[in-house]
Amino acid sequence: MDLLSFGKTGWGDELFYATLMTIAVSITALLIGFIFSIIFTPLKLSNNKFLNFIANSYTTIIRGVPELLVIYLFFFGGSGAIMYVASIFGYFEYIEINAFITGSLAIGIISGAYSTEVFRGAIQSVDKGQFEACKVLGFKKHIYFIKVIMPQMLRLAIPNLSNVWQITLKDTSLISVTGLVEIMRQSYIAAGSTRDPLFFYSFAAVLYLMVTFLSMKLINRLEIKYSRGF
Amino acid sequence: MDLSLMAVSLPKLLSAAVVTLKLLSLSLFFGLIIGLIFAILRLNKNPIINKFAYGYSYVFRGTPLLVQIFIIYFGLGQIEYFRSTFLWVVFKEPYWCAIIAFALNTGAYTSEILRSAFETIKPGIIEAGKSLGIPSKIIFYKIQIPVAIRQSLPAYGNEIILMMKGTSLASTVTLMDITGVAKHIVSTTYKPLEIFLMAGGIYLFMTFIIHNLIKYLEKKYSFN
């Protein structure tokens, strides 16, 4: 237990901040994922075959390729791509992108593919009559979407979004390969310097379980809130 | 795009795909056995057995696969006593450590899939068996298990694809699967875009094959 004390002798405070980092990356990635799904869900539902194709390629490719590979591509390919763009503008110094930004962007793109599928499914399972009724009543498109379809869709989407949240949270452990100090990286450092990997990795597992457990409690509340009347 | 480099590294990546497929099939095999055992334990009425099986699936589904591999590969070797047992022959190899971690992980998901399949079996099927005088053990093995397996095919197909993607983590414990080889080539040539895109293409192709295989099986064993 000495290993977990706060201050200079133990790893308690480091692991605490690492946990906060994991939560921060997960939330950022989830939000980036939502932005992606706001873009791609309408494309998936549109009648245009070309737009459909773009959205389907996005979700199929991202969900069919290992997360680790996407992260590697972003981390190793990302700085190269940016440096290439910079070289066009006459800047030839080495550019290193922040690990937090690359990490959450990579996880966000992965998370976005999953949440796009969730939103698509949820919108499609809203009763067709609701859409027709709105049209008959002459509502403007964005108004009926926000006021009528969204609340019904969210009720259906939240249970699946909680799965997406879990996937996203667990995926953040993979950004440890890029050097961002989150739970996994911090445990790796601690395990290396104390030669006690069993303890630190098990403790990392406990930390992840705690985060999932607490976030599930919060999501359950949301679920109850959005299923009022059902 | 460096096309000649891509042509040179394609055979290397394809031979690494064999490693990935071996890892996948072995872990799915052991994972299915573990999953079936734990699904049956979950249906047990004894609360201690029941809770134990639930705890297993909760822990393995709630923690990242990377942590599980690291605990098994780096962690277990630390216990002195463990190193003197015959199990050490298996656990000192990163290959078997990865397979054990994958099997335990996919076993947890599989047990959940099978459990929900067992629970959604129509009671009429079991009642029909009983009224025909079939012993309950045979009802379980010859009726419930096959029906449950058929019902869980779509979800299990997803799990196979998730596991295939999970095998890429084997590269973190020095195994040379597709991701491992890709990373090795990138570290010597520094052409991340070409190599990682190609590796991604191979994974995508494998996903495509698995997806269609499951679809075919679903059709073949459909109830209609």
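Residues numbered from 1 in each chain as written. Chains lettered and ligands numbered in written order. Predicted model: local features only at pLDDT ≥ 70, side-chain atom pairs only at ≥ 80, totals over all residues.

Caption draft 1: Spotlight on the overall build of chain B. A tally of helices and strands in chain B yields 11 helices and zero strands. Ordered by position in the sequence, the α and β elements of chain B form the string α-α-α-α-α-α-α-α-α-α-α. Overall, chain B is about 70 × 50 × 25 Å in size when its C-alpha atoms are taken along their principal axes. Every one of the 224 residues in chain B was classed for burial, and the buried ones make up 37%. Put simply, 76% of the contacts in chain B that link residues at least 6 apart link residues at least 24 apart. (Helix = DSSP H or I, 4+ residues; strand = E, 2+ residues; numbered from the N terminus. Buried ≥ 20, exposed ≤ 12 C-beta atoms within 10 Å, placed from the backbone. Contact = placed C-beta atoms within 7 Å.)

Caption draft 2: Representation of the overall build of chain A. Scanning chain A from N- to C-terminus turns up eight helices and zero strands. When the helices and strands of chain A are read in sequence order from the N terminus, they spell out α-α-α-α-α-α-α-α. Dimensions along the principal axes, computed over C-alpha positions, put chain A at roughly 70 × 55 × 25 Å. The buried share of chain A, reckoned over its 230 residues, is 37%. Put simply, of all contacts in chain A between residues at least 6 apart along the chain, 72% involve residues at least 24 apart.

Caption draft 3: The nonpolar core, seen in detail. In this structure, Ile71(A), Ala204(A) and Ile69(B) are the most contacted members of the largest nonpolar core, which totals 103 residues. No other element matches helix α6 (residues 94-119) of chain B, which puts 12 residues into this core. Not counting the four nearest positions on each side in its chain, Ala204(A) is found in contact with Ile183(A), Met184(A), Ser187(A) and Val67(B). (Core = buried A, V, L, I, M, F, W, Y, C linked by C-beta atoms within 7 Å.)

Caption draft 4: Spotlight on the interface of chain B and chain A. Listed by partner, the interface residues are 27 residues for chain B and 27 residues for chain A. Elements with a minimum of two residues in the side of chain B that touches chain A: α2 (47-62), α3 (65-75), α10 (178-189) and α11 (192-220) of chain B. No other element matches the eight residues that α11(B) contributes to the side of chain B that touches chain A. Looking at the side of chain B that touches chain A, its residues break down into 17 nonpolar, eight polar and two charged. (Nonpolar A, V, L, I, M, F, W, Y, C, P; charged D, E, K, R; others polar.)

Caption draft 5: Here's a closer look at unusual backbone geometry. Residue Arg195(A) is not a glycine yet carries a positive backbone phi of 55 degrees. Inspection of the secondary structure assignment puts Arg195(A) in the loop between α7 (183-194) and α8 (197-226). For Thr174(B), which is not glycine, the phi torsion reads 70 degrees and is therefore positive. Within the secondary structure, Thr174(B) sits in the loop between α9 (153-166) and α10.

Caption draft 6: Geometry of the packing of α7(A) against α8(A). Residues and elements named next belong to chain A. It is the contact of α7 with α8, at a shortest axis distance of 8 Å, that shows an interaxial angle of 165 degrees. Considered as vectors, α7 and α8 are oriented roughly antiparallel to each other. For the pair α7 and α8, the sense of crossing is right-handed. Here α7 contributes Ile 183, Met 184, Ser 187, Ala 190 and Ala 191 to the contact with α8, which in turn contributes Pro 197, Phe 200, Tyr 201, Phe 203, Ala 204, Leu 207 and Tyr 208. (Axes fitted to C-alpha atoms, helices over the stretch in contact; angles between N-to-C directions. Parallel < 35°, antiparallel > 145°, perpendicular 65-115°, else oblique. Left-handed = near helix turned anticlockwise from the far one by under 90°.)

Caption draft 7: Region of interest: the environment of Ala122(A). All names here are of chain A. By the element assignment, Ala 122 lies in helix α4 (residues 99-125). Its 22 C-beta neighbours within 10 Å are what place Ala 122 among the buried residues. Taking the C-alpha atoms as reference points, Ala 122 and Asn 160, separated by 38 residues in sequence, lie 9.2 Å from one another. Setting aside anything within four residues of it in sequence, one finds Ala 122 in contact with Met 153, Leu 156 and Ala 157.

Caption draft 8: Focus on α8(A). With 30 residues, α8(A) extends 43 Å from end C-alpha to end C-alpha; this agrees with the ideal 44 Å at 1.5 Å per step. Looking only at α8(A), the buried set comprises Pro197(A), Phe200(A), Tyr201(A), Phe203(A), Ala204(A), Ala205(A), Leu207(A), Tyr208(A) and Val211(A). Elements that come into contact with the buried residues of α8(A) comprise α1 (12-45), α6 (141-171) and α7 of chain A together with α2 and α3 of chain B. (Expected span 1.5 Å × (residues − 1).)

Caption draft 9: Representation of the packing of α9(B) against α11(B) within the structure. All names here are of chain B. Two elements in contact, α9 and α11, have axes separated by 10 Å at closest approach and are oriented at 165 degrees. The orientation of α9 with respect to α11, classified from their angle, is roughly antiparallel. The two elements α9 and α11 cross, and the hand of that crossing is right-handed. Here Leu 153, Pro 154, Gly 157, Ile 160, Ile 161 and Met 164 of α9 come into contact with α11, specifically with Met 206, Thr 207, Ile 210, His 211, Ile 214, Leu 217 and Glu 218. For the contact of α9 with α11, the class distribution of residues is nine nonpolar, three polar and one charged.

Any functional reading would require information beyond the geometric quantities listed.
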